[in-house]
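Here are the chains, one letter per residue:
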Amino acid sequence: MLKLYGFSVSNYYNMVKLALMEKGLPFEEVLFFPSQTPEALAVSPRGKVPVLGVKQGFINETSVILEYIEQTQEGPALLPGDPFQRAQVLALCREIELYIELPARACFAEAFFGMPVPDAIKEKSKADLLLGIASLGRHGKFAPYVAGESFTIADLYFMYSVNLACAVGERLFGLDFLEGLAQAKALLERLHAMPNAQKVAADREAAMPAFLAMIAAKK
């Protein structure tokens, strides 16, 4: 059986978790936190999550895990078979990660945990996020899903990265990043209303108190 290593508060963990659920695959969740201990590094080369445990060993990096699942497992396709359409989906995933997730992540400490972030970093993140959201608005189809007619892994990145970026925009900058992108905003709400997504969200909420206590202990 597949084993998913990580913790339910991680957005990248939840991307893989929802992919497994949407494909109807059995899997075991293994609680695993980022760490530089020898034990953690034996599972994840950089000590990060998520990691997928398979018969042959461990697979790290979310994008690689998602492609591996698509290539080796049964269930509804999360990537198009046509090479051009597949490239469009993968490009959207990379754009969301590089131009939305990463700039937003630089501000997570202040937005979610009350730990101040230097103004220079916040201003750069704000500028990069505005550019990233504009790029998504140009490349995304939202017809009705991010890449077109079908739910794909681009929707996983959209769900679990753009929602956090929007929270950063509201909390730190007083901005609605999806203002003017009505279809994108409607899709985000619809995706999070999916039954499996609601199960993922419930697990996240249940794990949050212990996660916040762990963060507080490290301050």
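An unreviewed UniProt entry lists the chain under the name Glutathione S-transferase, with Pseudomonas palleroniana given as the organism.

Student: Even after reading the chapter, I still don't get the side chain of Ser161, so can you show me in this structure?
Tutor: Locating Ser161 in the fold gives a position in helix H7 (residues 153-173). The contacts of Ser161, once residues within four sequence positions are left out, are Asn11, Met15, Ile96 and Glu101.

Student: Explain helix H9 (residues 195-218) to me, please; I cannot follow it from the model alone.
Tutor: For an α-helix, the turn length of 3.6 residues means that residues three or four places apart are oriented alike. Given a rise of 1.5 Å per residue, 24 residues ought to cover 34 Å, and the 35 Å separating the end C-alpha atoms of H9 matches this to within 8%. Maximal helix bending in H9 amounts to about 40°, located at Met208; proline Pro209 follows within four positions. Among all positions of H9, only Asn196, Ala197, Val200, Met208, Phe211 and Ile215 are buried. Considering only its buried residues, H9 is in contact with helix H1 (11-22), helix H5 (108-113), H7 and helix H8 (182-192).

Student: It is not clear to me how unusual backbone geometry should be interpreted in this structure. Could you clarify?
Tutor: Cis rather than trans, the peptide bond between Val49 and Pro50 has omega equal to 0°. Assignment of secondary structure puts Pro50 in the loop between helix H2 (38-41) and strand E3 (51-54). The linkage connecting Ala143 with the following residue, Pro144, adopts the cis geometry, with an omega of -5°. Phi is positive for Glu61, close to 75°, though the residue is something other than glycine. Inspection of the secondary structure assignment puts Glu61 in the loop between strand E4 (57-60) and helix H3 (62-72). The backbone phi angle of Phe142 is positive, close to 50°, even though this residue is not glycine. With respect to the secondary-structure elements, Phe142 resides in the loop between helix H6 (119-139) and H7.

Cut-offs used in this document
Residues numbered from 1 in each chain as written. Predicted model: local features only at pLDDT ≥ 70, side-chain atom pairs only at ≥ 80, totals over all residues. Heavy atoms only, no water. Helix = DSSP H or I, 4+ residues; strand = E, 2+ residues; numbered from the N terminus. Contact = heavy atoms within 4.5 Å. Expected span 1.5 Å × (residues − 1). Bend = angle between axes of the 7 residues up to and from the residue. Buried < 20%, exposed > 50% of the residue type's maximum accessible area, 1.4 Å probe, protein only.

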